[in-house]
Protein chains: 6
Amino acid sequence: MLLHLQTWQEVEAYLAKSTAIIIPIGSTEQHGPNGLIGTDAICGEAVGRKLGETTGTLVAPTIAVGMAQHHLAFPGSMTLRPSTLIAVVKDNVESLARHGFTHFYFVNGHGGNVAPFSSAFSELYAESSLSRPGNRPPIRCVLRNWYETPKVKAISRELYADQEGSHATPSEVSLTWAVYPQTVKHMKMEPKVAPRGTFTDAADYRRNFPDGRIGSNPDLASIEAGQRLWDAAVADLADDLASFVKLKA
Amino acid sequence: MLLHLQTWQEVEAYLAKSTAIIIPIGSTEQHGPNGLIGTDAICGEAVGRKLGETTGTLVAPTIAVGMAQHHLAFPGSMTLRPSTLIAVVKDNVESLARHGFTHFYFVNGHGGNVAPFSSAFSELYAESSLSRPGNRPPIRCVLRNWYETPKVKAISRELYADQEGSHATPSEVSLTWAVYPQTVKHMKMEPKVAPRGTFTDAADYRRNFPDGRIGSNPDLASIEAGQRLWDAAVADLADDLASFVKLKA
Amino acid sequence: MLLHLQTWQEVEAYLAKSTAIIIPIGSTEQHGPNGLIGTDAICGEAVGRKLGETTGTLVAPTIAVGMAQHHLAFPGSMTLRPSTLIAVVKDNVESLARHGFTHFYFVNGHGGNVAPFSSAFSELYAESSLSRPGNRPPIRCVLRNWYETPKVKAISRELYADQEGSHATPSEVSLTWAVYPQTVKHMKMEPKVAPRGTFTDAADYRRNFPDGRIGSNPDLASIEAGQRLWDAAVADLADDLASFVKLKA
Amino acid sequence: MLLHLQTWQEVEAYLAKSTAIIIPIGSTEQHGPNGLIGTDAICGEAVGRKLGETTGTLVAPTIAVGMAQHHLAFPGSMTLRPSTLIAVVKDNVESLARHGFTHFYFVNGHGGNVAPFSSAFSELYAESSLSRPGNRPPIRCVLRNWYETPKVKAISRELYADQEGSHATPSEVSLTWAVYPQTVKHMKMEPKVAPRGTFTDAADYRRNFPDGRIGSNPDLASIEAGQRLWDAAVADLADDLASFVKLKA
Amino acid sequence: MLLHLQTWQEVEAYLAKSTAIIIPIGSTEQHGPNGLIGTDAICGEAVGRKLGETTGTLVAPTIAVGMAQHHLAFPGSMTLRPSTLIAVVKDNVESLARHGFTHFYFVNGHGGNVAPFSSAFSELYAESSLSRPGNRPPIRCVLRNWYETPKVKAISRELYADQEGSHATPSEVSLTWAVYPQTVKHMKMEPKVAPRGTFTDAADYRRNFPDGRIGSNPDLASIEAGQRLWDAAVADLADDLASFVKLKA
Amino acid sequence: MLLHLQTWQEVEAYLAKSTAIIIPIGSTEQHGPNGLIGTDAICGEAVGRKLGETTGTLVAPTIAVGMAQHHLAFPGSMTLRPSTLIAVVKDNVESLARHGFTHFYFVNGHGGNVAPFSSAFSELYAESSLSRPGNRPPIRCVLRNWYETPKVKAISRELYADQEGSHATPSEVSLTWAVYPQTVKHMKMEPKVAPRGTFTDAADYRRNFPDGRIGSNPDLASIEAGQRLWDAAVADLADDLASFVKLKA
């Protein structure tokens, strides 16, 4: 169930049965020579929406621009500042909590989002923790990275071993190709496997990782792998979501 | 050209030819008994993307949650506060300006966005106006409502006359049906044409407009009308965009 | 009744009869070769105060510095950022709402204020819309441009036709002269009627409109016209205010 | 010279001779049984403007709503939060510094403004202190309380001794009567001299000072005293301003 | 009683007897040729903690970085912007008020903190003053400068007369030496007594006060004087604190 | 070398040799029945300062109040909101970067700080990434948890195995006892090992973990263990810091 394709009466009916909602989150940033700028948002949305379908859970609009300041030396990359993201998450969650939603399940496609979203959840909880008991509706938020579920990690290891890397990985490129087969692009990477390392700001990142990849060889990607990874992520998250909604808000 | 389906090298190549970008904006809010919660984002995105296709202009990710505080008494509606929207627009534009984009063309599907986005543009310009000349890259932003272009207004008048109204209109419902034919929903409206009037906050809105519509009869919507309106909006905006990109940033 | 000339006991007595208040708003910015920098604040205040007198409504202090970033390339122009204006309006309205004021009628003299003040009203309403019903006192805000009331527009058309323009207009200059007759300044404009067009930031504005005027010939201004326009604005707004205070907050 | 009564060319000419500007600041808050709600703004403005006249210094629009949270339990009182005031002062000063103004002389009528304005100056300076040298134009801000100049204090002591108090004082009431003779209001105060003490928020203030006065007997006020105090303040501040403008910005 | 050395059950027991807490505040900034960068935080903490010991009052962690933008041209100096300090004080006080603390006694070692902390208290009170009565717990905040108590000023005058000055004073240097005897550093000052004057930002400060001192000769400092001043400050503040806790929150 | 015990000339001399600085960070929050409220700040500071001593690195003042909203249902716990922490870290780092510091090494004692500090680093980097190259000095920030270094984890496993837990652990209690031997407190825990689980806000946390511990038995703590852990953390971090300072800023 996609929130944007419901009427308000249908949402009202849904709330009588469930107060959980999935929010896909991603990023809009370079993903190396053959990866799409939308990779993280595409993956978060694809997994989040199929998860919603599988489990009968409502899915909110994707937050497609995340925290990606370190990619800004590559054309097309976009970022929200962490402080902006905190405000965005606060408004999203408060809007939905107003209607009675209590369980917020963020399906994430981008490592750079983890800290700012976790901070945003704390900012929301802090409003409740600092106020008089009962003044604010109880909520529970969680963020899950689709690329770190057990089944997904097993497949990545099996298929890509030490060519998986950590940015512009063959796994995420595969998943985007499963969603958009018309975007398949094979090319020789130079070097075959990108360097590894740390980074600070955009200038530092580009200096260390000249074509944008970190530790990966995304030329190994394939539509078939993408389909397997997609299904695996949804299967794992469906179990996790089932446990999550049982927790008290 | 959709930004999220490009690689960074393709964006680099695009920037050598053009520094304009389209950003679709919408809202996620109730649209009456048979309108979708995503109506405004669907329309903004559908028009914005087809405009990009027609004109060869790059299209950024849609900002799907806008300023819709007045709809929050209807389940599923979401809002960003105006102050949050200002921060979001600032970060979106500054990210892209960093790469050399200069002309930002926002295709809008929601009246409630007009003032906050206009304020956000002024906030961006103010940083430049208050600083020493040359400290910030020149930019130019504009917002266009797809539903107010000449051809669109002519069709709305022809088809719906005084049953068009101003919220949950048959025109916008038609356009969403052209995009998502599976969501067509016909039902008798009660009253046939909704009341008109003003509103302040969410409680006031719901008191005045109990089923969410303002002045409209969206049961008149049709896929065919939606297709006509879509094409009309794109045709009008293509002309306007061509003039816009000629203005100095 | 001017708020600043009352005692608190007189305000307490006023509140027993009426919970409406007029807030004049303007701007402090260049107004061409013979227009005053305070033109918009002078006009907003003059109309707002006479409206208060005519209708027996309390008038708050004028907000004299508005959103005028685009005028900053002309000496003496001042601006508040839109985000600052949102905070200012919020504090003004919350202060007065604390005492029981419910109807806030902003009499505006400056086009650049429309979007930021509208955003500020939405920010205020959003606090109510996002919170539990009843947590905040109900309020209703509206902004009216004195220069767009029917009678005023008729006079402008009659007197100035296509030399009225949209900035540093003979109408607004006339009104300031009616208020401050000692400031009358006649001079030949070069060109007689200023160019029209769009603008972004301060540098762009000055490039396009070298002496500050847009589309106008303010040498046509006169004290007599100013007096007529002043009376016309007050007459129109008095009717409008009478309707406004009848709306539920 | 009042900024709002100049044209931009006249300001340009002024800047060729002087880069100093006076900004009157006040407050809009209860002033006891016979004091006006605008007392502090009226005094700040009256002194600031006459000072401008006497010394040939430009005078910006008055900031009429200051920091007066502690008065909010009395109808008609208004406040800006300190954080809002910081933003307002920042935008006012940055606007004028953009044109080349370097010396900002705030003439203050309200004790509650001292800390927030001082904080705002530090916020402005901090932007310069934290940035690379030369990135921001040099500025110098100072705030002077008209009621604490030597001559003014001597007159207050002479006329009112221990009935002067610290809020709703006969001195400030006298000055407002000199400006607005039509507002003279004599009445028996009960008790004759108000209690003294400390306060925190609005509820605490009203509990301690039931009619709004602190330590004063404003029934002693007179137009004549107001005129003397006005002249005395201007004389003292004119000397001080002459020294101030000689300091390096 | 130091908060950081208690268990939560011990704090719970304390709250049953007293709802007052001491918060030492200081600054981290240059203090001339022989003064420590931590002088103000060391003094605030030393006096605040001994005051807690003497009076049996709980002492919260020291806020060691204050508002010191004007010292930033000297290596090692640190500042919080006033707007940051307002947020910090708000969170500190709201955290403790949540547990039932009502009386917040800030022992201060730095003049530059006075305005920002006073502003922060007003920001806290304003939340209460602007909201409906009873929505927020009552609190009372006060700031005391250890170096301005009567006994301390008498000793400073006796020992240092016109070589005390106002920054990097022999009194404060003495107190830090009493706390950290290993930091005693004697050296000839050049000139013996530093110049006096005003300052704006960091560049202006360093221009006027090349070695960081203002009006002082800190070579006069001694451990013995530090011990006397320390005891004197605690004795004075103990009396003041006893009065403070009797005031209604 | 402790920053607060240096003169500014000594810092100037230090900067000629090294531009690295250690900043200890902790939290002020309940730590179960026998743990101190300051546990995390004490540990962060003890490890950070000994690390500074061992490696000759300057150590800035400890940030003693961190992000601990989830502990606020236990008396004495304090928190900064994530958005406040972002501002604090920004001002701390910008102050020191102004003097030429480039490498910021945060030694952390509290898990709840990880996300907000990481977000704060991104906020700082984003300012650089979004601006024109060269406009801001290059910096590099890193956060290390003392309790997660290899040697520390080995000792914890050896001594406490599955009674270590994740909050109010015997390891951190041991370290505080090594620092403050007078605070040793043995008592029977009930249950011996605390429950494990997740939490959201303060109410949820206290419901799940009634005495504040998570998964731990801090009665196993000892001064001897604390001394071993302290040395181990410093040894591990000294190696890590040596690598860190070699990275380009």
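Residues numbered from 1 in each chain as written. Chains lettered and ligands numbered in written order. Predicted model: local features only at pLDDT ≥ 70, side-chain atom pairs only at ≥ 80, totals over all residues. Heavy atoms only, no water.

**Considering the overall build of chain A**
Then, number 1: Check the secondary structure of chain A and you find 8 helices and 4 strands.
Then, number 2: Beginning at the N terminus, the succession of helices and strands in chain A can be written as α-β-α-β-α-β-α-β-α-α-α-α.
Then, number 3: In summary, chain A has a C-alpha radius of gyration of 19 Å against a globular reference of 18 Å for 249 residues, a match within 12%.
Then, number 4: Counting only C-alpha atoms, chain A reaches 60 × 35 × 30 Å along its principal axes.
Then, number 5: Within chain A, the proportion of its 249 residues that are buried is 66%.
Then, number 6: Of the contacts formed within chain A by residues at least 6 apart in sequence, a portion of 76% connects residues at least 24 apart.
Then, number 7: Entry remark: accessible area of chain A is about 8,000 Å², with carbon and sulfur atoms responsible for 55%.
Then, number 8: Across chain A, the 23 positively charged side chains and the 25 negatively charged ones have centroids separated by 4 Å. (Helix = DSSP H or I, 4+ residues; strand = E, 2+ residues; numbered from the N terminus. Rg over C-alpha atoms; globule rule 2.2 N^0.38 Å. Buried < 20%, exposed > 50% of the residue type's maximum accessible area, 1.4 Å probe, protein only. Contact = heavy atoms within 4.5 Å. Areas by Shrake-Rupley, 256 points an atom, 1.4 Å probe, with all protein chains shown as cover. Lys, Arg positive; Asp, Glu negative; His and termini not counted. Charge placed at Lys NZ, Arg CZ, Asp CG, Glu CD.)

**Details of the interface of chain D and chain E**
Then, number 1: Contacts between the two partners involve 31 residues from chain D, matched on the other side by 31 residues from chain E.
Then, number 2: Regarding the contact of chain D and chain E, the summed buried area is about 2,600 Å², with carbon and sulfur atoms giving 56% of it.
Then, number 3: It is D:Arg81, D:Ser129 and D:Thr200 in chain D that bury the most area against chain E; as a group they hold 19% of the surface buried on that side.
Then, number 4: There are 4 salt bridges connecting chain D and chain E.
Then, number 5: The partner of D:Arg140 in a salt bridge is E:Asp204, with the nearest N and O atoms 3.2 Å apart.
Then, number 6: At the junction of chain D with chain E, the criterion picks out 17 residue pairs in polar contact (both at pLDDT 80 or more).
Then, number 7: Every element with two or more residues in the side of chain D that touches chain E is listed here: helix H3 (82–99), helix H4 (114–130) and helix H7 (202–208) of chain D.
Then, number 8: With 12 residues, H4(D) is the largest single contributor of residues to the side of chain D that touches chain E.
Then, number 9: A breakdown of the residues in the side of chain D that touches chain E according to their chemical character gives 13 nonpolar, 10 polar and 8 charged. (Buried area = accessible area lost by both parts, 1.4 Å probe. Salt bridge = Lys/Arg side-chain N within 4 Å of Asp/Glu carboxyl O. Polar contact = N/O pair within 3.5 Å; in protein donor to acceptor, adjacent residues only side chain to side chain. Nonpolar A, V, L, I, M, F, W, Y, C, P; charged D, E, K, R; others polar.)

**What about the side chain of B:Asn145?**
Residues and elements named next belong to chain B.
Then, number 1: Tracing the sequence through the fold places asparagine 145 in strand S4 (residues 140–145).
Then, number 2: Assessed through its relative accessible area of 12%, asparagine 145 is described here as buried.
Then, number 3: Only 2.7 Å separates the side chain of asparagine 145 from the side chain of asparagine 108, close enough to count as a polar contact.
Then, number 4: With sequence-adjacent residues up to four places away left out, asparagine 145 is seen in contact with Asn108 and Val114.

**Describing the arrangement of the chains**
Then, number 1: Nothing in chain A touches chain D, and the closest approach of their C-alpha atoms is 17 Å.
Then, number 2: Kept free of each other, chain C and chain F leave a smallest C-alpha distance of 17 Å between them.

**Observations concerning the interface of chain A and chain B**
Then, number 1: Facing 52 residues of chain A, the contacting portion of chain B comprises 52 residues.
Then, number 2: Taking both partners together, chain A and chain B bury about 4,100 Å²; carbon and sulfur atoms supply 61% of that area.
Then, number 3: It is A:Trp8, A:Pro75 and A:Met78 in chain A that bury the most area against chain B; as a group they hold 17% of the surface buried on that side.
Then, number 4: The salt bridge involving A:Glu94 is made with B:Arg81; its shortest N-O contact spans 3.2 Å.
Then, number 5: In this structure, the connection of chain A to chain B is made through 20 residue pairs in polar contact (both at pLDDT 80 or more).

**Overview of the relation of the copies chain D and chain E**
Then, number 1: Expressed as a screw operation, the relation of chain D to chain E combines 0.0 Å of axial shift with a rotation of 180°, fitting to an RMSD of 0.0 Å. Seen this way, the second copy is the image of the first under a two-fold rotation axis. Every residue of chain D has its C-alpha some distance from the rotation axis, and the shortest such distance is that of D:Ala115, at 2.2 Å.
Then, number 2: When the interface residues of chain D are mapped onto chain E, 100% of them are again interface residues, pointing to one common binding face. (Least-squares fit on C-alpha atoms with pLDDT ≥ 70 in both.)

**Here's the deal with the side chain of A:Ser216**
Residue and element names in this part refer to chain A.
Then, number 1: Summarising the element assignment, serine 216 is placed in the loop between helix H7 (202–208) and helix H8 (223–244).
Then, number 2: Residue classification places serine 216 among the buried positions, given a relative accessible area of 0%.
Then, number 3: With residues up to four places along the chain from it excluded, the contact list for serine 216 reads Gln163, Glu164, Gly165, His167, Ala168, Thr169, Pro170, Lys192, Val193 and Ala194.

**So, the relation of the copies chain A and chain B**
Then, number 1: Superposition of chain A onto chain B requires a rotation of 180° combined with a translation of 0.0 Å along the rotation axis, giving an RMSD of 0.0 Å.
Then, number 2: A high fraction, 100%, of the interface residues of chain A reappear at the interface in chain B, so the copies pair face to face through one surface.

**What about the pairing of strand S3 (residues 103–108) of chain A?**
All names here are of chain A.
Then, number 1: The buried fraction of S3 is high, at 6 of 6 residues.
Then, number 2: Direction of pairing for strand S1 (residues 20–25) relative to S3: parallel, over a ladder of 6 bridges. Its bridge partner lying in S3, isoleucine 22 is registered against tyrosine 105.
Then, number 3: Bridge count between S3 and strand S4 (residues 140–145): 6 bridges; the pairing is parallel. (Pairing = 2+ DSSP bridges.)

**Details of helix H2 (residues 39–55) of chain D**
All names here are of chain D.
Then, number 1: Between its first and last C-alpha atoms H2 spans 24 Å; for 17 residues at 1.5 Å apiece the expected length is 24 Å, and the two agree.
Then, number 2: Here H2 has its buried residues at Thr39, Asp40, Ala41, Ile42, Cys43, Gly44, Ala46, Val47, Gly48, Leu51 and Gly52.
Then, number 3: The elements touched by buried residues of H2 are strand S1 (20–25), strand S2 (58–59), strand S3 (103–108), helix H6 (170–179) and helix H8 (223–244).
Then, number 4: Immediately beyond the C-terminal end of H2, within one or two residues, lies glycine 56, with a positive phi of roughly 70°. (Expected span 1.5 Å × (residues − 1).)

**As for the pattern of salt bridges**
Then, number 1: Using the criterion set out here, one finds 84 salt bridges over all chains in the structure.
Then, number 2: Ionic pairing is found between B:Lys90 and B:Glu94, a salt bridge with its closest N-O pair at 3.8 Å. With B:Lys90 and B:Glu94 both in helix H3 (residues 82–98) and 4 residues apart, the pair spans about one turn of that helix. Considered together, B:Lys90 and B:Glu94 belong to a single accessibility category, that of buried residues.
Then, number 3: Of the charged contacts in the structure, one is a salt bridge between C:Arg81 and D:Asp91, with a shortest N-O distance of 2.7 Å. Separated into two different chains, C:Arg81 in the loop between strand S2 (58–59) and helix H3 (82–98) and D:Asp91 in helix H3 make up a pair that spans both.

**A short note on unusual backbone geometry**
Then, number 1: Omega for the bond connecting B:Glu190 with B:Pro191 falls within 30 degrees of zero, at 0°, which places this linkage in the cis form.
Then, number 2: Residue position: B:Pro191 is located in the loop between helix H6 (170–179) and helix H7 (202–208).
Then, number 3: Despite not being glycine, D:Ala161 has its phi angle at roughly 45°, a positive value.
Then, number 4: By the secondary structure assignment, D:Ala161 is in the loop between helix H5 (150–160) and H6.
Then, number 5: Residue F:Ala168 is not a glycine yet carries a positive backbone phi of 60°.

**With respect to the packing of H2(D) against H6(D)**
All names here are of chain D.
Then, number 1: One way to put it is that H2 packs onto H6 with a least axis distance of 9 Å and a crossing angle of 65°. As far as their axial angle goes, H6 and H2 are roughly perpendicular. Considering how the two elements wind past one another, H2 and H6 form a crossing that is left-handed. Taking contact as the criterion, the partners of Thr39, Asp40, Ile42, Cys43, Ala46 and Val47 in H2 are, on H6, Glu172, Leu175, Thr176 and Val179.
Then, number 2: A breakdown of the residues in the contact of H2 with H6 according to their chemical character gives 6 nonpolar, 2 polar and 2 charged. (Axes fitted to C-alpha atoms, helices over the stretch in contact; angles between N-to-C directions. Parallel < 35°, antiparallel > 145°, perpendicular 65-115°, else oblique. Left-handed = near helix turned anticlockwise from the far one by under 90°.)

**A look at the environment of B:Leu5**
Then, number 1: Tracing the sequence through the fold places B:Leu5 in the segment before helix H1 (8–17).
Then, number 2: For the pair B:Leu5 and B:Glu172, spaced 167 residues apart in sequence, the C-alpha to C-alpha distance is 27 Å.
Then, number 3: Setting aside its immediate chain neighbours within four residues, B:Leu5 contacts A:Leu36, A:Ile42, A:Tyr180, A:Gln182, A:Thr183 and B:Glu10.

**Brief notes about the packing of helix H3 (residues 82–98) of chain A against H3(B)**
Then, number 1: Packing of H3(A) against H3(B) brings their axes to within 9 Å, and their N-to-C directions diverge by 135°. When the interaxial angle is binned, H3(A) and H3(B) end up oblique. By crossing handedness, the relation of H3(A) to H3(B) is classed as left-handed. In contact with A:Thr84, A:Ala87, A:Val88 and A:Asp91 of H3(A), H3(B) contributes B:Thr84, B:Ala87, B:Val88 and B:Asp91.

**Considering the packing of aromatic side chains**
Residues and elements named next belong to chain B.
Then, number 1: Per the counting criterion, the structure on display carries 60 aromatic pairs over all chains.
Then, number 2: Centroid distance phenylalanine 199 to phenylalanine 209: 6.5 Å. Interplanar angle 80°. Geometry classified as edge-to-face. Of the two residues, phenylalanine 199 sits in the loop between H6 and H7 while phenylalanine 209 sits in the loop between H7 and helix H8 (223–244), which places them 10 residues apart along the sequence.
Then, number 3: On the basis of relative accessibility, which here comes to 30%, the residue phenylalanine 199 falls in the partly exposed class. (Phe/Tyr/Trp six-rings, centres within 6.5 Å; stacked < 30°, edge-to-face > 60°.)

**Digging into the sheet that holds strand S1 (residues 20–25) of chain B**
Residues and elements named next belong to chain B.
Then, number 1: Strand order in the open sheet made by the 4 strands is S2-S1-S3-S4, with parallel pairing throughout. The two strands at the open ends of the sheet, each matched to only one other strand, are strand S2 (58–59) and S4.
Then, number 2: This element, helix H4 (residues 114–130), spans S1, strand S3 (103–108) and S4 of the sheet and lies at about 175° to S4.
Then, number 3: Seen against the sheet, H8 touches S1, S3 and S4 and runs at an angle of roughly 160° to S3.

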